[in-house]
Amino acid sequence: MEELFWWIIFPYICGTVLIVATFYRFVFRGKSWTAPSTEIFSRKWLRIASVVFHYGIIFAFIGHVMGMLIPKGFYDSIGVDEHTYHVFAIAGGGVAGLMVVFGLVVMLIRKFSLPRVRTHTSFGDYFTIVLLLLVAGMGTYMTLIYNTTVVSYEYRVSIGPWFRSLFTFNPLSELMLGVPTLFKVHVILAFLLFAAIPFTRLVHMFSFPLRYPTRAPQQYRSRDRYNKNRDNTQ
Ligand code: HEM
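None of these values were measured; they are calculated from a predicted model. (Residues numbered from 1 in each chain as written. Predicted model: local features only at pLDDT ≥ 70, side-chain atom pairs only at ≥ 80, totals over all residues. Heavy atoms only, no water.)

Chemist: Before we move on, can you summarise the coordination of the iron atom of the ligand with the specific residues and values?
Modeler: The protein atoms that coordinate the iron atom of the ligand are His64 (NE2) and His186 (NE2), at distances spanning 2.0 to 2.1 Å. Taken together, the six donor atoms surrounding the iron atom of the ligand define angles of 87 to 178° at the centre, an arrangement classified as octahedral. Remark: His186 occurs in helix α8 (residues 181-196) and His64 occurs in helix α2 (residues 44-69); sequence separation between them is 122 residues. Taking relative accessible area as the criterion, His186 reaches 11% and is therefore assigned buried. (Donors = N, O, S within 2.8 Å, 3.2 Å for Na, K, Ca; no water. Tetrahedral: all angles 85-135°; square planar, octahedral: opposite > 155°, others 65-115°. Helix = DSSP H or I, 4+ residues; strand = E, 2+ residues; numbered from the N terminus. Buried < 20%, exposed > 50% of the residue type's maximum accessible area, 1.4 Å probe, protein only.)

Rendered as structure tokens:
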């Protein structure tokens, strides 16, 4: 049952929801394809948290491509042995993970502690940040603690080949049976997050802001000054 549901059916359900719902939102709900910022209510901490988070998630993404999409055989063929690979994965992945977790924690504290930011935060926003924090927090624990205190788990012979086999529609589900539970839960929550992307502001990750540099600057003006000017002219 575990093998069939969690390592074959569930990933394909999440993948299908991600693709179909993202396409639907892009074509039929284009106006909702935004990630409105609450920067106007408090700038300093959002800037720090957002920059650290986004760089961290980009580094973690690169780490996942290196760990999940590039086969172990490639590293063996270029002379990168297991120990060397894991030292770099723990060091690089550890820093990336801590950056992601730091950014998310600051964003969450900001949403809870600033009334005006809280007013502009939807349930979807809280759900996204909490789920991301769970996934990234577990990932960082796996990379920094589990790998250094329990065992340096070689996921490139189990999770990696399984993940790649999903794309060739020949899911090697049996490879996931021996994976430590912590890693299994990380992967399951990650797929849940993939399925949630189309229903949250995470869709902005698919937007390539090509026109950003050339777009007209957005103008913000304070309501008070606007009202004062209006009253003066009447
Ligand atoms: C939204 C999706 C995901 C997020 C935000 C995420 C986040 C993270 C973070 C922050 C780390 C620690 C830093 C690092 O080693 O890169 C990590 C580690 C890890 N993640 Fe993910 N992850 C996601 C999806 C996945 C998926 C889909 C898989 C497998 C199919 C996966 C497998 C792993 C593994 C095996 C590690 C441990 C790496 C190591 O020990 O060196 N992750 N993840």
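Chemist: Please give an account of the packing of helix α1 (residues 2-28) against α8 that cites residues and values.
Modeler: Direction vectors running N to C along α1 and α8 enclose 25°, while the axes themselves pass 8 Å from each other. Taken together, the axis directions place α1 and α8 in an arrangement best described as roughly parallel. Seen along the crossing, α1 lies across α8 with a hand that is left-handed. Residues Glu2, Trp6, Trp7, Phe10, Pro11, Cys14, Val17 and Leu18 of α1 form the contact with α8, whose own contacting residues are Lys184, Val187, Ile188, Phe191, Leu192, Phe194 and Ala195. Among the residues forming the contact of α1 with α8, the class breakdown is 13 nonpolar, no polar and two charged. (Axes fitted to C-alpha atoms, helices over the stretch in contact; angles between N-to-C directions. Parallel < 35°, antiparallel > 145°, perpendicular 65-115°, else oblique. Left-handed = near helix turned anticlockwise from the far one by under 90°. Contact = heavy atoms within 4.5 Å. Nonpolar A, V, L, I, M, F, W, Y, C, P; charged D, E, K, R; others polar.)

Chemist: Explain a nonpolar patch on the surface to me, and be specific about the residues and the numbers.
Modeler: Nonpolar side chains collect at one region of the surface, where Val51, Tyr55, Ile58, Phe59, Phe61, Ile62 and Met66 lie side by side and expose about 700 Å² of accessible area between them. Along the chain, Ile62 falls in helix α2. Look at Ile62 and you get partly exposed, because its relative accessible area is 43%. (Patch = residues over 30% accessible without salt bridge, like charges linked within 9 Å, V, L, I, M, F, W, Y side chains within 5 Å. Areas by Shrake-Rupley, 256 points an atom, 1.4 Å probe, with all protein chains shown as cover. Salt bridge = Lys/Arg side-chain N within 4 Å of Asp/Glu carboxyl O.)

Chemist: Describe in detail the site of the ligand, supporting the description with residues and values.
Modeler: Every one of the 24 residues lining the ligand counts as a neighbour, but His64, Gly93, Thr143, Asn147 and His186 are closest to it. Here Tyr155 contributes a side-chain N or O atom positioned 3.0 Å from an oxygen atom of the ligand. The side chain of His186 places a nitrogen or oxygen atom 2.8 Å from a nitrogen atom of the ligand. For the shell around the ligand, the secondary structure elements donating two or more residues are α2, α4 (82-113), α6 (123-150), α7 (159-167) and α8. Within the shell around the ligand, the residues separate by chemical class into 16 nonpolar, eight polar and no charged. (Near = heavy atom within 4 Å. Polar contact = N/O pair within 3.5 Å; in protein donor to acceptor, adjacent residues only side chain to side chain.)

Chemist: I'd like a description of the pattern of salt bridges, backed by residues and values.
Modeler: Two side chains with opposite charge may pair up if their charged atoms get near one another. Tallied over the full model, the rule gives five salt bridges. The salt bridge partner of Lys72 is Asp76, with a shortest N-O separation of 3.2 Å. With Lys72 and Asp76 both in helix α3 (residues 72-77) and four residues apart, this pair spans about one turn of that helix. According to the relative accessible area criterion, Lys72 is buried, its value standing at 17%. The salt bridge partner of Asp125 is Arg201, with a shortest N-O separation of 2.9 Å.

Chemist: Lay out the nonpolar core with the relevant residues and their values.
Modeler: One finds Phe53, Leu104 and Leu132 to be the most contacted residues of the largest nonpolar core, which totals 22 residues. Those elements that provide at least two residues to this core are α2, α4, α6 and α8. Ranked by the residues each element gives to this core, the list is headed by α6, at seven residues. Sequence-distant contacts of Leu132, defined by excluding residues within four places in its chain, comprise Phe53, Ile57, Leu104, Gly137, Leu193 and Leu202. (Core = buried A, V, L, I, M, F, W, Y, C linked by side-chain atoms within 4.5 Å.)

Chemist: I'd like to hear about the packing of aromatic side chains, residue by residue, with values.
Modeler: What the rule picks out here adds up to 18 aromatic pairs. Taken together, the ring pairs in this structure connect Trp7, Trp162, Phe163, Phe167, Phe191 and Phe194 into an aromatic cluster. Over the ring of Tyr85 we find Arg156, and its NZ or CZ is 3.8 Å from the ring centre. (Phe/Tyr/Trp six-rings, centres within 6.5 Å; stacked < 30°, edge-to-face > 60°. Lys NZ or Arg CZ within 6 Å of the ring centre and 35° of its normal.)

Chemist: Any chance you could break down the environment of Val117 for me, citing the residues and the numbers?
Modeler: Relative to the assigned elements, Val117 resides in helix α5 (residues 115-119). For the pair Val117 and Ser165, spaced 48 residues apart in sequence, the C-alpha separation works out to 42 Å.

Chemist: Which residues make up the environment of Thr119, and what values do they have?
Modeler: You can see Thr119 is positioned in helix α5. On the basis of relative accessibility, which here comes to 63%, the residue Thr119 falls in the exposed class. Distance from Thr119 to Lys31, taken between C-alpha atoms, is 21 Å for residues 88 residues apart in sequence. A polar side-chain atom of Thr119 sits 2.6 Å from the main-chain carbonyl oxygen of Pro115.

Chemist: If you had to explain α1 to someone new, which residues and values would you point to?
Modeler: Note on helix geometry: an α-helix contains 3.6 residues per turn, so any two residues three or four positions apart are oriented the same way. Over its 27 residues, α1 extends 36 Å from the first C-alpha to the last, a length consistent with the 39 Å expected when each residue adds 1.5 Å. At Ile9, α1 shows its largest kink, close to 35°, and the proline Pro11 lies no more than four residues downstream. Residues Trp7, Phe10, Pro11, Cys14, Leu18, Ala21, Thr22 and Arg25 constitute the buried set of α1. (Expected span 1.5 Å × (residues − 1). Bend = angle between axes of the 7 residues up to and from the residue.)

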